[in-house]
Amino acid sequence: MKQAKTWGSALLFFLVMTLLCGVLYTAVCTGIAQLFFPHQANGSIIEVDGKKYGSELLGQSYSEPDHMWGRLTNANASTFTDDNGNPVMWYGPSNLSPASEEFEAIVQERVDQIRDAHHDQGGKPIPSDLVTCSGSGLDPHISPAAADYQVERLAKNTGKSESDVRAIIKQCTEQPQLGILGDARVNVLKVNLMLDGIL
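Residues numbered from 1 in each chain as written. Predicted model: local features only at pLDDT ≥ 70, side-chain atom pairs only at ≥ 80, totals over all residues. Heavy atoms only, no water.

A look at the overall build of the chain
Basically, it comes down to this: Each helix is a run of H or I in the DSSP string that is no shorter than four residues. Each strand is a run of E no shorter than two, and both are numbered from the N terminus. Note that the radius of gyration is over C-alpha atoms, with the globule rule given as 2.2 Å times the number of residues to the power 0.38. Accessibility here uses a 1.4 Å probe with only protein chains present; expressed as a share of the type maximum, an area under 20% marks a residue as buried, one over 50% as exposed, and anything in between as partly exposed. Each accessible area is a Shrake-Rupley estimate made with a 1.4 Å probe; only the visible protein chains count as cover when residues are assessed.
Scanning the chain for helices and strands turns up 7 helices and 7 strands. When the elements of the chain are put in sequence order from the N terminus, they spell out α-α-β-β-β-β-α-β-α-α-α-β-β-α. Scaling as 2.2 N^0.38, a compact globule of 199 residues should have a C-alpha radius of gyration of about 16 Å, whereas the chain reaches 23 Å, well beyond that. The buried share of the chain, reckoned over its 199 residues, is 28%. Approximately 12900 Å² of the chain is accessible, and the part contributed by carbon and sulfur atoms is 59%.

Things to note about the packing of helix 5 (residues 151-158) against helix 6 (residues 162-171)
To keep things clear, this is the line we draw: Interaxial angle, 0 to 180 degrees, is taken between N-to-C directions of lines fitted to C-alpha atoms, where a helix line uses only the stretch in contact. Should the near helix be turned counterclockwise from the far one by less than a right angle, the crossing is left-handed, whereas a clockwise turn marks it as right-handed. We call two residues contacting when some pair of their heavy atoms lies within 4.5 Å. When residues are grouped by polarity, Ala, Val, Leu, Ile, Met, Phe, Trp, Tyr, Cys and Pro land in nonpolar, Asp, Glu, Lys and Arg in charged, and all others, Gly among them, in polar.
Where helix 5 contacts helix 6, the two axes come as close as 9 Å, and the packing angle between them is 115°. Relative to helix 6, helix 5 is oriented so that their crossing is right-handed. On helix 6, the residues touching Val151, Glu152, Leu154 and Ala155 of helix 5 are Glu162, Val165, Arg166 and Ile169. Here the contact of helix 5 with helix 6 is built from residues that sort into 5 nonpolar, no polar and 3 charged.

Some remarks on the pattern of salt bridges
Oppositely charged side chains may form a pair once their charged atoms are brought near each other. Formally: By convention in these notes, a salt bridge is any Lys or Arg side-chain nitrogen within 4 Å of a carboxyl oxygen on Asp or Glu.
Following the criterion strictly, the structure yields 4 salt bridges and no others. The partner of lysine 190 in a salt bridge is glutamate 56, and the shortest N-O contact between them spans 3.4 Å. Of this pair, lysine 190 sits in helix 7 (residues 188-195) while glutamate 56 sits in the loop between strand 2 (51-55) and strand 3 (75-81), and the two are 134 residues apart along the sequence. Judged by relative accessible area, glutamate 56 falls into the buried class, the value being 15%.

Regarding the sheet that holds strand 5 (residues 141-142)
Stated formally: Pairing between strands is defined by DSSP: at least two bridges between the two strands are required.
Strand order in the open sheet made by the 3 strands is 5-7-6, with antiparallel pairing throughout. Of all the strands in the sheet, just strand 5 and strand 6 (173-174) have a single pairing partner and so form its edges. Looking at chain direction, strand 6 and strand 7 (residues 185-187) are connected through 2 bridges and run antiparallel. Residue pairing across strands places threonine 173 opposite valine 186, the latter belonging to strand 7. Sitting on the sheet, helix 7 touches strand 5, strand 6 and strand 7, and the angle it makes with strand 7 is about 50°.

Here's the deal with empty space enclosed by the protein
As a reminder, the rule being used: Lining residues are those with an atom within 4 Å of a point, where the points come from a 1 Å grid over the protein atoms alone and group into cavities, where a 1.4 Å probe fits but cannot get out, or pockets, open sets with protein on both sides within 12 Å along at least five of seven lines. Grid points are joined across faces, edges and corners, and a volume is the space filled by probe spheres set on the points.
This structure, assessed with the given rule, holds 1 cavity of 30 Å³ or more. Its volume calculated, the largest cavity comes out at about 50 Å³. Taken together, Leu58, Gly59, Gln60, Gly70, Arg71, Thr73, Asp139, Pro140, Val188 and Leu189 make up the full set of residues lining the largest cavity. Tallied by class, the residues present in the lining of the largest cavity amount to 4 nonpolar, 4 polar and 2 charged.

Here's the deal with the pairing of strand 2
Note on strand geometry: in a regular strand, side chains alternate between the two faces of the sheet. Where strand 1 (residues 45-48) and strand 2 come together, 3 bridges link them in antiparallel fashion. The partner of valine 48 across the bridge, within strand 2, is lysine 51. Adjacent in sequence and paired antiparallel, strand 1 and strand 2 are bridged by 2 residues, among which aspartate 49 carries a positive phi angle near 50°.

Observations concerning the confidence of the model for the chain
Using the following cut-off: Every residue gets a pLDDT, meaning the predictor's confidence in that residue, from 0 to 100.
Summary statistics for the chain give a mean pLDDT of 88 and a share of 95% for residues scoring 70 or more. Looking across the chain, the model is least confident in strand 4 (residues 87-91), with a mean pLDDT of 69, and most confident in helix 4 (residues 144-149), with 96.

What about the packing of helix 6 against helix 7?
The following threshold applies: Note on angle classes: values under 35 degrees are labelled roughly parallel, values over 145 roughly antiparallel, values of 65 to 115 roughly perpendicular, and the remainder oblique.
Helix 7 packs onto helix 6 with a crossing angle of 140° between their chain directions and a minimal axis gap of 9 Å. Accordingly, the angle class assigned to the pair helix 6 and helix 7 is oblique. Crossing hand, helix 6 versus helix 7: right-handed. Residues Ile168, Ile169 and Gln171 of helix 6 lie in contact with helix 7, whose contacting residues are Val191, Met194 and Leu195. Of the residues contributing to the contact of helix 6 with helix 7, the split by class is 5 nonpolar, 1 polar and no charged.

See below:
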C-alpha cells in the first residue's frame, strides 16, 4: 500500500511538472515572444514585398564582385538527407586547428581570392574575418574594417560612389549591445540587399 502511494505521488508529480514546465512555461514564453518580439521569435527573416531573402542572423555566401563578401561558411549538403532522399544543407564549425596544414591551405586560398579581387588595396593587411570562419560557421557579420576593405571594389562593380557604399555600410553597422557588449559589426546580407536596391 505504501509503495503504491509513493508511485502514485511520483506519477502525479511527473504529470504536474510536465504540464507546468513542458506546456504552460513553453506557451507563456512563446506567447510573450510573439507579442513583444515577433520578428526575432520567427527567425529575424528579412522579407520585402512578400519575398523572403533570408535571416539576418545567418551568414550567406557571396562571391560576386558587386556584392559584399562575408565570413567563410561551412556548408555541407552531402551528409544528411530528408525523408525523400533530398540533401539537407547544414552548417557547422570547421574544427580545424590553426596549426594544421588544411587550415593554412584554406586561409591561403581565401587570401589569394581577396588579393585578386582587391588590387586597389595593394599590400594592405587583410582583416582576419575575411579569410577565416567563425566558430559556428554561420556568422552573418564582419568587422567595419573588413567592410571598408571592400568599398572600392563594390563602388567599381555597382556603379555607386564610394561615399554611397560607405553610407550603406554605416546604415548596416550594429553597435555593441548596451554600448559595451561585443564589437561594432556589419550585417553582410543587409548591405547586399541595399546594394541591390531591395532594402
